[in-house]
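# Chain and residue survey
Spelled out, the chains give:
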Amino acid sequence: MTTETARVEQSATWYTTKQLDFDRRLVGFRFRAMLPHVTARHVLELGSGDGVMTAMLADHFEHVTVVEGSRHLLDAIPDRPNLTKVHSLFEEFQPGRPFDAIIMEHVLEHVEDPVGILRLATPWLAPEGVIVVGVPNAHSFHRLAAVKMGLLPDVHALNERDHEVGHRRVYDWDSLRADVEAAGLEIACMEGVFFKPLSNGQIDQHWSEEMIEGFFELGKDFPRNAAEITAICRRP
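Analysis parameters
- Residues numbered from 1 in each chain as written.
- Predicted model: local features only at pLDDT ≥ 70, side-chain atom pairs only at ≥ 80, totals over all residues.
- Heavy atoms only, no water.
- Helix = DSSP H or I, 4+ residues; strand = E, 2+ residues; numbered from the N terminus.
- Buried < 20%, exposed > 50% of the residue type's maximum accessible area, 1.4 Å probe, protein only.
- Polar contact = N/O pair within 3.5 Å; in protein donor to acceptor, adjacent residues only side chain to side chain.
- Contact = heavy atoms within 4.5 Å.
- Axes fitted to C-alpha atoms, helices over the stretch in contact; angles between N-to-C directions.
- Parallel < 35°, antiparallel > 145°, perpendicular 65-115°, else oblique.
- Left-handed = near helix turned anticlockwise from the far one by under 90°.
- Nonpolar A, V, L, I, M, F, W, Y, C, P; charged D, E, K, R; others polar.
- Salt bridge = Lys/Arg side-chain N within 4 Å of Asp/Glu carboxyl O.
- Pairing = 2+ DSSP bridges.

## Things to note about the side chain of Arg-143
In this structure, Arg-143 sits in helix α6 (residues 141-148). With a relative accessible area of 5%, Arg-143 lands in the buried category. At 2.5 Å, the side chain of Arg-143 and the backbone oxygen of Ala-157 are in polar contact. In contact with Arg-143, other than residues within four places in its own chain, are Asn-137, Ala-138, Leu-152, Val-155, His-156, Ala-157, Asn-159, Asp-162 and Val-170.

## Considerations on the packing of helix α5 (residues 114-121) against helix α8 (residues 173-182)
Packed helices, taken two at a time, are described by the angle between their axes plus the distance between the axes. Here α5 crosses α8 at 45°, and the two axes come no closer than 8 Å. In terms of their interaxial angle, α5 and α8 are classed as oblique. For the pair α5 and α8, the sense of crossing is right-handed. Note on element contacts: α8 touches α5 through Asp-179, Val-180 and Ala-182, opposite Pro-114, Val-115, Leu-118 and Arg-119. The residue makeup of the contact of α5 with α8, split by class, is five nonpolar, no polar and two charged.

## Quick word on the pattern of salt bridges
Enumeration over the complete set of coordinates arrives at 15 salt bridges. In this structure, Arg-41 and Glu-62 form a salt bridge, with 2.9 Å as the shortest nitrogen-oxygen distance. With Arg-41 in the loop between α2 (21-34) and β1 (42-46) and Glu-62 in the loop between α3 (52-60) and β2 (63-68), this pair connects stretches of sequence that are 21 residues apart. Overall, Glu-62 belongs to the partly exposed group, its relative accessible area being 45%. If you follow the salt bridges from partner to partner, you end up with Arg-25, Arg-32, Glu-209 and Glu-213 in one network.

## As for the pairing of strand β7 (residues 228-234)
Most of β7 is tucked away: six of the seven residues are buried. Of the strand pairs in this sheet, strand β5 (residues 125-136) and β7 are connected by six bridges, and their pairing is antiparallel. Directly across from Gly-134, in β7, lies its bridge partner Thr-230. Bridge count for strand β6 (residues 186-193) against β7 is seven bridges, and the pairing is antiparallel. Paired with Gly-192 across the bridge in β7 is Ile-229.

## Some remarks on the side chain of Asp-162
Tracing the backbone shows Asp-162 in helix α7 (residues 160-164). Every residue in contact with Asp-162, bar those within four places of it in the chain, is listed here: Arg-143, Ala-157, His-167 and Val-170.

Shown next, in the form of structure tokens:
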């Protein structure tokens, strides 16, 4: 087992031991945010997590190929007729066809060379296709509040949860744009997903469904301070 594979497997344990219901809700919000921008038959998902996004993609698109470096996570995803599961590091994946859309949700903050991964994936994209890149946002209000409370030295610092899930960096609006453009991609649009003033656990325990939906809509009005950033990217 390579060092990177071992690191992926270690981070994967978080998804089966600590993930909250609201984490899964955020996946659904990211899916809802990307969907208007993705018209595709064949979709490639890089990184499955616990398969919540994978299931949504497979429900909606004709065929989904998912590439995941953790055998543990990949085996936990139920088999489906329109789903191809590939156990591989992204750097070692060799696709047999172009894809209409490539989904890279919560990938760039994990990998050693995010610009390199974007460059690697670009030739896998069909000419009119899109790459959807989603990352947590350093300037989310819950991280800004954590700095004011003395829980973080600055918004880009890695907290305990970041370390648990294997994050190497925390993006903001400008740093995500810089990496995407450094990879030679064009950004069609960028959006904020969910306005998050509190931690996932606090929202999980205390918020009503109406509050959660309302703050999802509010994230569209304050994209640079939303919990997540979604970038829709195209080949030049």
